[in-house]
Amino acid sequence: MEVVKNIVWHNATITKDDRHRMNGHKSAILWYTGLSGAGKSTLANKVEEKLFERGYHTYVLDGDNIRMGLNKGLGFTAEDRKENIRRIGEVAKLFVDAGALVSTAFVSPYNEDREMVRKLVKEGEFIEIYVSASLDVCENRDTKGLYKKARAGEIKNFTGINDPYEAPLDAELTVDTGSQTLDESADVVLNYLEENGYIEKA
Ligand code: ADX
(Lines give C-alpha, C1' and ligand atoms only; values in the text may rest on other atoms or scores of the structure.)
Protein backbone atom coordinates (compact mmCIF):
# COMPACT_ATOMS: atom_id res chain seq x y z
CA MET A 1 0.00 0.00 0.00
CA GLU A 2 1.18 3.52 -0.85
CA VAL A 3 2.30 5.62 2.13
CA VAL A 4 0.14 8.72 2.03
CA LYS A 5 1.69 11.95 3.28
CA ASN A 6 0.66 15.59 3.55
CA ILE A 7 -2.69 15.01 5.22
CA VAL A 8 -3.60 17.20 8.18
CA TRP A 9 -6.52 16.49 10.55
CA HIS A 10 -9.11 19.29 10.51
CA ASN A 11 -10.99 19.85 13.74
CA ALA A 12 -14.74 20.11 13.27
CA THR A 13 -16.48 23.34 14.27
CA ILE A 14 -19.52 21.50 15.59
CA THR A 15 -18.31 18.90 18.07
CA LYS A 16 -19.69 15.59 19.25
CA ASP A 17 -20.66 17.27 22.54
CA ASP A 18 -22.65 19.90 20.62
CA ARG A 19 -24.50 17.12 18.85
CA HIS A 20 -25.21 15.32 22.12
CA ARG A 21 -26.69 18.53 23.52
CA MET A 22 -28.78 19.08 20.41
CA ASN A 23 -29.99 15.46 20.30
CA GLY A 24 -30.52 15.18 24.03
CA HIS A 25 -28.65 11.90 24.30
CA LYS A 26 -25.21 10.32 24.14
CA SER A 27 -23.95 8.28 21.20
CA ALA A 28 -22.39 4.83 21.13
CA ILE A 29 -21.86 1.69 19.09
CA LEU A 30 -24.06 -1.31 19.87
CA TRP A 31 -21.84 -4.06 18.47
CA TYR A 32 -23.82 -7.28 17.92
CA THR A 33 -21.68 -10.38 17.35
CA GLY A 34 -22.64 -14.02 16.90
CA LEU A 35 -23.03 -16.85 14.42
CA SER A 36 -24.86 -16.45 11.13
CA GLY A 37 -28.54 -16.93 11.91
CA ALA A 38 -28.16 -16.05 15.60
CA GLY A 39 -30.53 -13.13 15.11
CA LYS A 40 -28.14 -10.17 15.17
CA SER A 41 -29.86 -8.17 12.43
CA THR A 42 -33.34 -9.00 13.67
CA LEU A 43 -32.46 -7.95 17.21
CA ALA A 44 -30.55 -4.83 16.10
CA ASN A 45 -33.55 -3.75 14.04
CA LYS A 46 -36.02 -4.42 16.85
CA VAL A 47 -33.93 -2.43 19.34
CA GLU A 48 -33.58 0.38 16.81
CA GLU A 49 -37.35 0.42 16.28
CA LYS A 50 -37.92 0.82 20.01
CA LEU A 51 -35.27 3.54 20.33
CA PHE A 52 -36.50 5.38 17.24
CA GLU A 53 -40.07 5.42 18.58
CA ARG A 54 -38.72 7.02 21.75
CA GLY A 55 -37.04 9.78 19.74
CA TYR A 56 -33.42 8.60 19.66
CA HIS A 57 -31.11 9.13 16.69
CA THR A 58 -30.23 5.66 15.47
CA TYR A 59 -28.85 3.70 12.54
CA VAL A 60 -28.14 0.03 11.75
CA LEU A 61 -25.13 -1.17 9.76
CA ASP A 62 -25.80 -4.73 8.63
CA GLY A 63 -23.19 -7.28 7.51
CA ASP A 64 -24.94 -8.69 4.47
CA ASN A 65 -26.02 -5.22 3.27
CA ILE A 66 -22.64 -3.54 3.74
CA ARG A 67 -20.97 -6.40 1.88
CA MET A 68 -23.11 -5.47 -1.15
CA GLY A 69 -21.81 -1.89 -1.18
CA LEU A 70 -18.95 -0.37 0.80
CA ASN A 71 -17.33 -3.76 1.40
CA LYS A 72 -18.14 -5.39 -1.93
CA GLY A 73 -15.30 -7.67 -2.96
CA LEU A 74 -14.24 -8.67 0.56
CA GLY A 75 -14.50 -12.40 1.22
CA PHE A 76 -14.40 -14.52 4.36
CA THR A 77 -10.72 -15.23 4.94
CA ALA A 78 -9.46 -14.02 8.32
CA GLU A 79 -7.71 -11.16 6.51
CA ASP A 80 -10.83 -10.03 4.63
CA ARG A 81 -12.99 -10.30 7.74
CA LYS A 82 -10.47 -8.12 9.58
CA GLU A 83 -10.68 -5.48 6.83
CA ASN A 84 -14.50 -5.77 6.84
CA ILE A 85 -14.58 -5.13 10.58
CA ARG A 86 -11.95 -2.39 10.45
CA ARG A 87 -13.98 -0.42 7.89
CA ILE A 88 -17.21 -0.92 9.78
CA GLY A 89 -15.48 0.14 12.97
CA GLU A 90 -14.37 3.37 11.29
CA VAL A 91 -17.83 4.01 9.84
CA ALA A 92 -19.47 3.28 13.19
CA LYS A 93 -17.04 5.72 14.82
CA LEU A 94 -18.20 8.41 12.38
CA PHE A 95 -21.80 7.71 13.40
CA VAL A 96 -20.80 8.10 17.06
CA ASP A 97 -19.20 11.40 16.15
CA ALA A 98 -22.41 12.37 14.38
CA GLY A 99 -24.33 11.72 17.61
CA ALA A 100 -26.12 8.47 16.83
CA LEU A 101 -26.75 5.24 18.70
CA VAL A 102 -25.42 3.07 15.89
CA SER A 103 -25.91 -0.69 15.80
CA THR A 104 -23.72 -3.08 13.83
CA ALA A 105 -24.73 -6.64 12.98
CA PHE A 106 -21.65 -8.58 11.84
CA VAL A 107 -20.55 -12.12 12.66
CA SER A 108 -17.18 -10.56 13.65
CA PRO A 109 -15.82 -13.94 14.80
CA TYR A 110 -12.41 -12.81 16.07
CA ASN A 111 -11.82 -11.28 19.50
CA GLU A 112 -8.85 -9.34 18.17
CA ASP A 113 -10.94 -7.61 15.48
CA ARG A 114 -13.69 -6.63 17.92
CA GLU A 115 -11.09 -5.34 20.38
CA MET A 116 -9.60 -3.24 17.57
CA VAL A 117 -12.96 -1.48 17.19
CA ARG A 118 -13.38 -1.08 20.96
CA LYS A 119 -10.06 0.77 21.03
CA LEU A 120 -11.13 3.10 18.21
CA VAL A 121 -13.65 4.88 20.42
CA LYS A 122 -13.77 6.19 23.97
CA GLU A 123 -14.59 4.07 26.98
CA GLY A 124 -18.34 3.58 27.18
CA GLU A 125 -18.84 4.17 23.47
CA PHE A 126 -18.51 0.48 22.55
CA ILE A 127 -21.14 -1.90 23.85
CA GLU A 128 -20.44 -5.48 22.84
CA ILE A 129 -23.57 -7.62 22.64
CA TYR A 130 -23.04 -11.35 22.25
CA VAL A 131 -26.01 -12.88 20.47
CA SER A 132 -25.40 -16.33 21.82
CA ALA A 133 -27.72 -18.76 20.01
CA SER A 134 -25.95 -22.12 19.78
CA LEU A 135 -24.71 -23.61 16.52
CA ASP A 136 -27.52 -26.20 16.77
CA VAL A 137 -30.16 -23.50 17.00
CA CYS A 138 -28.64 -21.49 14.13
CA GLU A 139 -28.23 -24.54 11.96
CA ASN A 140 -31.79 -25.69 12.59
CA ARG A 141 -33.11 -22.25 11.69
CA ASP A 142 -30.87 -22.03 8.62
CA THR A 143 -32.84 -18.99 7.47
CA LYS A 144 -30.63 -18.42 4.40
CA GLY A 145 -29.90 -22.08 3.62
CA LEU A 146 -26.18 -21.43 4.07
CA TYR A 147 -25.50 -24.09 6.74
CA LYS A 148 -26.84 -26.74 4.40
CA LYS A 149 -24.53 -25.52 1.67
CA ALA A 150 -21.58 -25.31 4.07
CA ARG A 151 -22.21 -28.88 5.31
CA ALA A 152 -22.30 -30.00 1.68
CA GLY A 153 -18.87 -28.43 1.20
CA GLU A 154 -20.18 -25.70 -1.10
CA ILE A 155 -19.00 -22.81 1.11
CA LYS A 156 -15.52 -22.69 2.52
CA ASN A 157 -14.59 -20.74 5.67
CA PHE A 158 -18.17 -20.87 6.93
CA THR A 159 -18.28 -19.67 10.54
CA GLY A 160 -19.21 -22.43 12.95
CA ILE A 161 -18.78 -25.21 10.36
CA ASN A 162 -15.29 -24.96 8.94
CA ASP A 163 -14.17 -21.63 10.36
CA PRO A 164 -13.90 -20.54 14.01
CA TYR A 165 -16.15 -18.32 16.09
CA GLU A 166 -14.47 -16.85 19.16
CA ALA A 167 -17.14 -16.01 21.71
CA PRO A 168 -16.59 -12.68 23.48
CA LEU A 169 -14.67 -12.94 26.75
CA ASP A 170 -15.92 -9.72 28.27
CA ALA A 171 -19.07 -8.61 26.47
CA GLU A 172 -21.16 -5.91 28.10
CA LEU A 173 -24.22 -8.05 27.36
CA THR A 174 -25.12 -11.60 26.37
CA VAL A 175 -28.49 -12.26 24.82
CA ASP A 176 -29.74 -15.78 24.20
CA THR A 177 -32.12 -15.60 21.26
CA GLY A 178 -32.50 -19.38 21.44
CA SER A 179 -34.45 -19.24 24.70
CA GLN A 180 -35.86 -15.69 24.71
CA THR A 181 -38.46 -14.04 22.51
CA LEU A 182 -37.36 -11.17 20.28
CA ASP A 183 -39.10 -8.65 22.54
CA GLU A 184 -37.43 -10.10 25.65
CA SER A 185 -34.01 -9.90 24.02
CA ALA A 186 -34.64 -6.34 22.86
CA ASP A 187 -35.70 -5.35 26.38
CA VAL A 188 -32.44 -6.75 27.81
CA VAL A 189 -30.58 -4.32 25.54
CA LEU A 190 -32.88 -1.39 26.32
CA ASN A 191 -32.58 -2.05 30.07
CA TYR A 192 -28.80 -1.98 29.78
CA LEU A 193 -28.97 1.35 27.96
CA GLU A 194 -31.28 2.75 30.63
CA GLU A 195 -29.26 1.42 33.56
CA ASN A 196 -26.04 2.82 32.14
CA GLY A 197 -27.36 6.28 31.33
CA TYR A 198 -27.38 6.10 27.54
CA ILE A 199 -31.13 6.66 27.39
CA GLU A 200 -33.86 7.86 29.77
CA LYS A 201 -35.86 5.32 31.72
CA ALA A 202 -39.14 4.57 29.94
S1 ADX B 1 -17.79 -11.13 9.22
O2 ADX B 1 -17.24 -12.41 9.72
O3 ADX B 1 -16.88 -10.49 8.27
O4 ADX B 1 -18.18 -10.24 10.32
P5 ADX B 1 -20.32 -10.56 8.02
O6 ADX B 1 -21.21 -10.37 9.19
O7 ADX B 1 -19.83 -9.35 7.30
O8 ADX B 1 -19.11 -11.55 8.44
O9 ADX B 1 -21.08 -11.46 6.94
C10 ADX B 1 -21.70 -12.64 7.37
C11 ADX B 1 -22.89 -12.99 6.48
O12 ADX B 1 -22.42 -13.37 5.20
C13 ADX B 1 -23.61 -14.19 7.04
O14 ADX B 1 -24.76 -13.79 7.76
C15 ADX B 1 -23.99 -14.99 5.84
O16 ADX B 1 -25.25 -14.59 5.37
C17 ADX B 1 -23.00 -14.61 4.79
N18 ADX B 1 -21.87 -15.55 4.58
C19 ADX B 1 -21.48 -15.98 3.35
N20 ADX B 1 -20.39 -16.75 3.44
C21 ADX B 1 -20.05 -16.81 4.77
C22 ADX B 1 -19.00 -17.45 5.49
N23 ADX B 1 -18.06 -18.16 4.87
N24 ADX B 1 -18.97 -17.31 6.84
C25 ADX B 1 -19.91 -16.59 7.46
N26 ADX B 1 -20.92 -15.96 6.84
C27 ADX B 1 -21.00 -16.05 5.48
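I will try to describe carefully the structure that is included in this document. (Residues numbered from 1 in each chain as written. Predicted model: local features only at pLDDT ≥ 70, side-chain atom pairs only at ≥ 80, totals over all residues. Heavy atoms only, no water.)

Attention shifts here to the overall build of the protein. A count of helices and strands for the protein gives eight helices and five strands. Written out in order from the N terminus, the α and β elements of the protein read α-β-α-β-α-α-β-α-β-α-α-β-α. Against the globule reference of 17 Å for 202 residues, the protein gives a C-alpha radius of gyration of 18 Å, in line with a compact fold. Counting only C-alpha atoms and orienting by the principal axes, one finds that the protein spans roughly 55 × 50 × 30 Å. Counting over 202 residues, the protein shows a buried share of 44%. Intrachain contacts of the protein at a sequence separation of at least 6 include 73% that bridge at least 24 residues. Carbon and sulfur atoms make up 52% of the accessible area of the protein, which totals about 11500 Å². (Helix = DSSP H or I, 4+ residues; strand = E, 2+ residues; numbered from the N terminus. Rg over C-alpha atoms; globule rule 2.2 N^0.38 Å. Buried < 20%, exposed > 50% of the residue type's maximum accessible area, 1.4 Å probe, protein only. Contact = heavy atoms within 4.5 Å. Areas by Shrake-Rupley, 256 points an atom, 1.4 Å probe, with all protein chains shown as cover.)

Here the structure, examined in full by the defined rule, presents six aromatic pairs. With a centroid separation of 6.2 Å and an interplanar angle of 25°, the aromatic rings of W31 and F106 are classed as stacked. In this pair, W31 sits in strand 1 (residues 28-33) while F106 sits in the loop between strand 3 (101-105) and helix 5 (111-120), placing the two residues 75 residues apart along the sequence. The same class applies to W31 and to F106, which are both buried. Among the aromatic residues, those joined into a cluster by ring pairs are W31, F106 and F126. Between the NZ or CZ atom of K26 and the centre of the ring of Y198, over which it lies, the distance is 5.5 Å. Here the basic side chain of R67 rests over the ring of F76, its NZ or CZ set 3.9 Å away from the ring centre. (Phe/Tyr/Trp six-rings, centres within 6.5 Å; stacked < 30°, edge-to-face > 60°. Lys NZ or Arg CZ within 6 Å of the ring centre and 35° of its normal.)

Let us look at the side chain of T159. Note that T159 resides in the loop between helix 7 (146-151) and strand 5 (173-175). On the basis of relative accessible area, T159 is assigned to the buried category, the value being 4%. Reaching out from T159, the side chain makes a polar contact with the side chain of R81 at a distance of 3.0 Å. Setting aside residues up to four positions removed in sequence, T159 forms contacts with L35, R81, V107, P109, Y147, P164 and Y165. (Polar contact = N/O pair within 3.5 Å; in protein donor to acceptor, adjacent residues only side chain to side chain.)

The ligand sits among 19 residues. The nearest are R67, R81, N84, S108 and N157. The backbone of S108 places a nitrogen or oxygen atom 2.8 Å from an oxygen atom of the ligand. Against a free-state accessible area of 560 Å², the protein chains account for coverage of 93% of the ligand. Sort the elements by how many residues they give to the shell around the ligand and helix 4 (residues 78-97) lands first, with three residues. (Near = heavy atom within 4 Å.)

So, on to the side chain of D62. In this structure, D62 sits in strand 2 (residues 58-62). Although D62 lies buried, it forms no salt bridge, and the closest oppositely charged side chain, K144, sits 6.7 Å away as judged by the N-O distance. (Lys, Arg positive; Asp, Glu negative; His and termini not counted. Salt bridge = Lys/Arg side-chain N within 4 Å of Asp/Glu carboxyl O.)

Relative to the helices and strands, N23 is located in helix 1 (residues 16-23). As for N23 and P164, which are separated by 141 residues in sequence, their C-alpha atoms are 40 Å apart. Leaving out residues up to four positions away in the same chain, N23 has contacts with H57, A98 and G99.

If you trace the five strands from one edge of the open sheet to the other, you get 2-3-1-4-5, paired in parallel fashion. Strands at the two margins of the open sheet, each flanked by one partner only, are strand 2 and strand 5. Averaged over neighbouring strand pairs, the angle between their axes works out to 20° when direction is ignored. Here strand 2 runs beside strand 3; their pairing, made up of five bridges, is parallel. If you follow T58 over to strand 3, its bridge partner there is L101. The sheet contacts of helix 4 involve strand 1, strand 2 and strand 3, and relative to strand 1 the element is tilted by about 150°. (Pairing = 2+ DSSP bridges. Axes fitted to C-alpha atoms, helices over the stretch in contact; angles between N-to-C directions.)

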